[in-house]
Amino acid sequence: MKRVFSIAVWIAIAALGAGALGSVALHRGEPLNATWFVIAAVCCYLVAFRLYSAFVAAKVLALDDTRATPCERHDDGRDFVPTNKWVLFGHHFAAIAGPGPLVGPTLAAQFGYLPGTLWLIAGAAFAGCVQDFVILFCSIRRDGKSLGQMAREEVSERGGFIAQLAVLAIMTILLAVIGLVVVNALKSSPWATFTLAMTIPIALLLGLYLRFVRPGCVLEASVMGVALVLFVVVAGQWVADSAFWSRLFTLSGVTLAFAIIVYGFAASALPVWLLLAPRDYLSAFIKAGAIFSLAAGILIVRPQVLMPPLTRFIDGTGPVFAGKIFPFCFITIACGAISGFHSLISSGTTPKMILRESHARFIGYGAMLLESFIGVMAMVAACAMPPGVYFAINSPSSIVGGTGDAAAAAISRWGYPLQAQTMSDLAHRVGEITLWNRAGGAPSLAVGMAQIFSSTIGGERLLSIWYHFAIMFEALFILTVLDAGTRVGRFMVQDLGGRVWKPFGRTRWMPGVLVSSAIIVALWGYFLYQGVVDPLGGINSLWPLFGISNQLLAAVALVVATTILMKMGRLRWIWVTLLPMAWLVIITMTASYQKIFDANPRIGFLAYAKALAAQITAGKVPAEKIAETQRLIFNQRLDAAVTGVLAAMILVLIVEALVHWYAILSHRKESVLHESPYIATRWAADYSGAAHGDD
């Protein structure tokens, strides 16, 4: 009887999800209620976790809870630490949740709400969650080895070296893009700049408090930190209203870029307990609170989705970024559906802390579902505002015009009516000087979030407070990845340098720390500066480059996963990783080719460089702008080269894997699986929330 009831419940959930998804996909005419998005996403995620993840766990991976995990085999109290699955879920989610699920769906909303929403749900269930889950399992079986190490052992030495170089290059692009998102959110905004700047001394204060004043008093520090953060959000309004302080914190994009570069260097070089750890710990509270508050707000307010399901810009003429819906919708969504960056976490700290193999399903598959849900909520927040307002915030001035009247007229001609006064009024209501041309996704998402929050608490009079809380939340969300990613990049640089000169590879040798920190910061700082001075807003070129590189890294992870499944004798189920891998290769190679060779200057890097060179030749560039234009030409050619090199490296890795697969299948080469030997667990099955009863 209990089984029949369970089946009936799951059938009801599946039917509700199918109905809600059908409403989202087929609805036309009147604006659609956002509640359907939440219902569709939650029901689809529940069914995917209950059925598909269970299938992968049982049939594809054959998880074994009698097997000792790395934290039991190598428990050292430092890196290999037995951790409760709920605590580890929180750690894993905090590590993978960066700007992608917030910014990507917001930018992709220029195509309409439908394609992005469908890809967020389906892509996560069948690609992103599978990648995270399988790579986590593979690393557990190999004593927590990294993706590069697994590629070297399971594919080839050359493949592993290529993967390591690709990871460093991709990390550079990722950090530059998320820095650009922060710059575009803060420029010309004294309130937002002050609020975010104050989180740095607050984090330093917490670090010193926990280190020297009250060691171990985490609750005290947490209450103090959250209270101070909320205070500086409110105090930002006083700063914005003060003539002196407003001028002090009203910074240009270039100034903000250099400030973020300095911060990245400090976060990489300073002791982790002083800045990185307390800041990330503090941001975890803000992340969790804002995410669940937004979900609750959508259910309470039930806003109408005003963006149409498909816009006219699916043809590739979009003002936010150029490119047709295929492949650029998938490239732009990026982390909300599948993220190669996650594979670094799934083969990093998480496998060294997991208690049971069965926990990999909940942590690997489940955390990615939660990130995808954030993406769906970001899509709702972006699409709940009038389309004209959305395009006014996200379109660069070179596309819509340099004045409010010109931009409003251009956007109205697209079929999205807008008055310049509407934007002026909105900027005043949220406490900003202007909201025009704030490309990057963060400001428009903050407007959407603020409108939802203010409809539940405070009304119109608290709209500005909610807006700047949302900006602070997004910036903290993003800087968590920036500071941690810079530190990880520093380790990569030291590891590569240590092959040439061993002392450089020592992570405690301060000269090596400072030099490697300067190298990684200089790498991503250059691309950040390039994006800031780009007349097209930077996002047009850098976000697709970020999406391509991130998805290429996911392809690397799935190549490694497919190879391991083949060696495990799971040929019957190999499509689970092979199909998403093939899909990613198709969209990334298509996008790479178009970004390099497309004749449209707004899409092709080389075409844009050629167009700028033609303007100089024709004498259309003022003398004082020639040096800047020549720098833009160089940067576009550099972007084309970076894209080409990344695509070539992945193609070489795929060829290496295909040769390896053929040798295995034709029995020309012995299939050697580099798993750690089986050791039975010594711990009781119910140790600290272990396997039984997880479902």
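This write-up is about the structure you can find in this document. Model, not experiment: these values are computed from the prediction. (Residues numbered from 1 in each chain as written. Predicted model: local features only at pLDDT ≥ 70, side-chain atom pairs only at ≥ 80, totals over all residues. Heavy atoms only, no water.)

Some points on the overall build of the protein
If you tally the helices and strands in the protein, you get 27 helices and two strands. Here the C-alpha radius of gyration of the protein, 25 Å, is about what a compact globule of 695 residues would show, namely 26 Å. Seen along its three principal axes, the alpha-carbon backbone of the protein occupies a region of about 70 × 65 × 60 Å. In the protein, buried positions account for 58% of the 695 residues. (Helix = DSSP H or I, 4+ residues; strand = E, 2+ residues; numbered from the N terminus. Rg over C-alpha atoms; globule rule 2.2 N^0.38 Å. Buried < 20%, exposed > 50% of the residue type's maximum accessible area, 1.4 Å probe, protein only.)

Some thoughts on helix 7 (residues 147-154)
Where helix 7 is concerned, the buried positions are Leu 147, Gly 148, Met 150, Ala 151 and Glu 154. All buried residues of helix 7 project into a common sector of 165° when viewed along the axis, lining one side. (Arc of directions from axis to C-beta.)

Side note on the environment of Gly 531
Tracing the sequence through the fold places Gly 531 in helix 23 (residues 510-533). The exposure class of Gly 531 is buried, given its relative accessible area of 1%. Taking the C-alpha atoms as reference points, Gly 531 and Ser 188, 343 residues apart in sequence, are found 17 Å from one another.

Quick notes on the packing of helix 8 (residues 157-186) against helix 23
As a packed pair, helix 8 and helix 23 sit with axes 8 Å apart at the nearest point and diverge in direction by 45°. It follows that helix 8 is oblique to helix 23 by the angle criterion. Of the two elements, helix 8 crosses helix 23, and the hand of that crossing is right-handed. Only Ile 520, Leu 523, Trp 524, Phe 527, Leu 528, Gly 531 and Val 532 of helix 23 make contact with helix 8, whose side of the interface consists of Leu 168, Thr 172, Ile 173, Leu 175, Ala 176, Gly 179, Leu 180 and Val 183. (Axes fitted to C-alpha atoms, helices over the stretch in contact; angles between N-to-C directions. Parallel < 35°, antiparallel > 145°, perpendicular 65-115°, else oblique. Left-handed = near helix turned anticlockwise from the far one by under 90°. Contact = heavy atoms within 4.5 Å.)

Some thoughts on the nonpolar core
Ranked by internal contacts, the top residues of the largest apolar core, which has 216 residues, are Tyr 365, Phe 391, Ile 411, Leu 435, Trp 436, Trp 524 and Leu 528. When sequence neighbours within four positions are dropped, the list of residues in contact with Phe 391 reads Gln 110, Met 307, Phe 313, Pro 319, Val 320, Ile 411, Trp 414 and Tyr 416. Residues Ala 609, Leu 612, Leu 632 and Ile 633 belong to the second largest nonpolar core, which totals five residues. (Core = buried A, V, L, I, M, F, W, Y, C linked by side-chain atoms within 4.5 Å.)

Description of the side chain of Thr 117
Its location among the elements puts Thr 117 in helix 6 (residues 113-140). What makes Thr 117 buried here is its relative accessible area of 2%. With sequence-adjacent residues up to four places away left out, Thr 117 is seen in contact with Val 24, Phe 37 and Met 379.

A word on a nonpolar patch on the surface
Judged by side-chain polarity, Leu 208, Phe 212 and Val 213 come together as a nonpolar surface patch covering roughly 310 Å² of accessible area. Checked against the element boundaries, Val 213 lands in helix 9 (residues 190-213). (Patch = residues over 30% accessible without salt bridge, like charges linked within 9 Å, V, L, I, M, F, W, Y side chains within 5 Å. Areas by Shrake-Rupley, 256 points an atom, 1.4 Å probe, with all protein chains shown as cover. Salt bridge = Lys/Arg side-chain N within 4 Å of Asp/Glu carboxyl O.)

What to know about helix 21 (residues 442-454)
End to end, helix 21 covers 18 Å across 13 residues, agreeing with the expected 18 Å (1.5 Å per residue, within 8%). Burial analysis of helix 21 places twelve of its 13 residues in the buried class, which makes it a mostly covered element. Burial in helix 21 covers these residues: Ala 442, Pro 443, Ser 444, Leu 445, Ala 446, Val 447, Gly 448, Met 449, Ala 450, Ile 452, Phe 453 and Ser 454. (Expected span 1.5 Å × (residues − 1).)

Here we look at the environment of His 342
Mapped onto the fold, His 342 is located in helix 15 (residues 340-346). Separated by 106 residues in sequence, His 342 and Gly 448 have C-alpha atoms that sit 27 Å apart. Beyond its immediate chain neighbours, meaning those up to four positions away, His 342 contacts Ile 96, Gln 131, Asp 132, Cys 335, Met 368 and Glu 371.

Description of the packing of helix 17 (residues 387-394) against helix 20 (residues 420-429)
Direction vectors running N to C along helix 17 and helix 20 enclose 75°, while the axes themselves pass 11 Å from each other. Viewed along their axes, helix 17 and helix 20 adopt a mutual orientation that is roughly perpendicular. Here Val 389, Ala 392 and Ile 393 of helix 17 come into contact with helix 20, specifically with Thr 422, Met 423 and Leu 426. When the residues that make up the contact of helix 17 with helix 20 are grouped by side-chain class, the tally is five nonpolar, one polar and no charged. (Nonpolar A, V, L, I, M, F, W, Y, C, P; charged D, E, K, R; others polar.)

Quick notes on the state of the cysteines
Throughout this description, disulfide means a covalent bond between two cysteine sulfur atoms. Taken as a whole and assessed by the stated rule, the structure comprises zero disulfides. Cys 43 takes part in no disulfide bond, and the closest cysteine sulfur, belonging to Cys 44, lies 7.0 Å away. By relative accessible area, Cys 43 is classed as buried at 8%. For the unlinked cysteine Cys 71, the closest cysteine sulfur is that of Cys 138, found at 18 Å. (Disulfide = S-S within 2.5 Å.)

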